[in-house]
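# Structural features, examined
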Amino acid sequence: MLGLKLPTDPRWVNIVSKNIDEILTDHAYCEQKAASTAISLIVSFPEYTELIEEMIALAREEMAHFKMVHDRIIARGKKLGRDRKDAYVLELIKFFPKGGSRTTQLVHRLLYAALIEARSCERFRLLSEELEDKDLADFYHKLMVSEASHYTMFLKFARLYGDRKEVDQKWQDLLAYEALIMKNLGTEEKIHG
């Protein structure tokens, strides 16, 4: 369903389960960055009314997810740790060249967002199936369902605003590039790393 070319190594869950506090902190910041992405799209592309409406809803939802994760951190007697660089995203955004028309820039940003959401969805599925903490596993199952709809929404908008054939080719090329990135990741307790 997600189209990812390289699935996450199942051993990643073993790494995560040894340090749940770290994955929760990383996850909290992923939710905050997703809300920031939605807001950035609103600011950068205000002329796309349908997109703006969806991004308003998404920003609210992602901040609600941030609060849910933060509440779990607090319930565990911890505090939100500091944000760390996301090597996955930093590598991913190198794929498309900078510049181009506003439409091209928008399509590229939408494709990046779709892929990040797809990978999050895949990782949440693994956590929901493999974590021994059943409450946390259920939490990740609910988030997995939400992330799947985000991925398809971003892809839908990319196809709506760009040439469908060109967008689909870019999507396939981006998926192949992401698989190369993933070969070197999966050794840390990070949602994408």
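Within the secondary structure layout, lysine 142 lies in helix α6 (residues 134-161). Using a relative accessible area of 62% as the deciding quantity, one classes lysine 142 as exposed. Separated by 17 residues in the primary sequence, lysine 142 and arginine 125 have C-alpha atoms spaced 9.3 Å apart.

Glancing now at the packing of aromatic side chains. Under the criterion given, the structure shown has nine aromatic pairs. Taking 5.0 Å as the distance between ring centres and 70° as the angle between the ring planes, the aromatic pair formed by phenylalanine 95 and phenylalanine 96 counts as edge-to-face. Residue classification places phenylalanine 96 among the buried positions, given a relative accessible area of 7%. Counting every residue linked through ring pairs, the aromatic cluster contains Phe45, Tyr48, Phe157 and Tyr161. Taking the ring centre of phenylalanine 139 as reference, the NZ or CZ of arginine 72 above it sits at 4.2 Å. The positively charged end of lysine 156 is found above the aromatic ring belonging to phenylalanine 157, 4.4 Å away from the centroid.

Definitions and cut-offs
Residues numbered from 1 in each chain as written. Predicted model: local features only at pLDDT ≥ 70, side-chain atom pairs only at ≥ 80, totals over all residues. Heavy atoms only, no water. Helix = DSSP H or I, 4+ residues; strand = E, 2+ residues; numbered from the N terminus. Buried < 20%, exposed > 50% of the residue type's maximum accessible area, 1.4 Å probe, protein only. Phe/Tyr/Trp six-rings, centres within 6.5 Å; stacked < 30°, edge-to-face > 60°. Lys NZ or Arg CZ within 6 Å of the ring centre and 35° of its normal.

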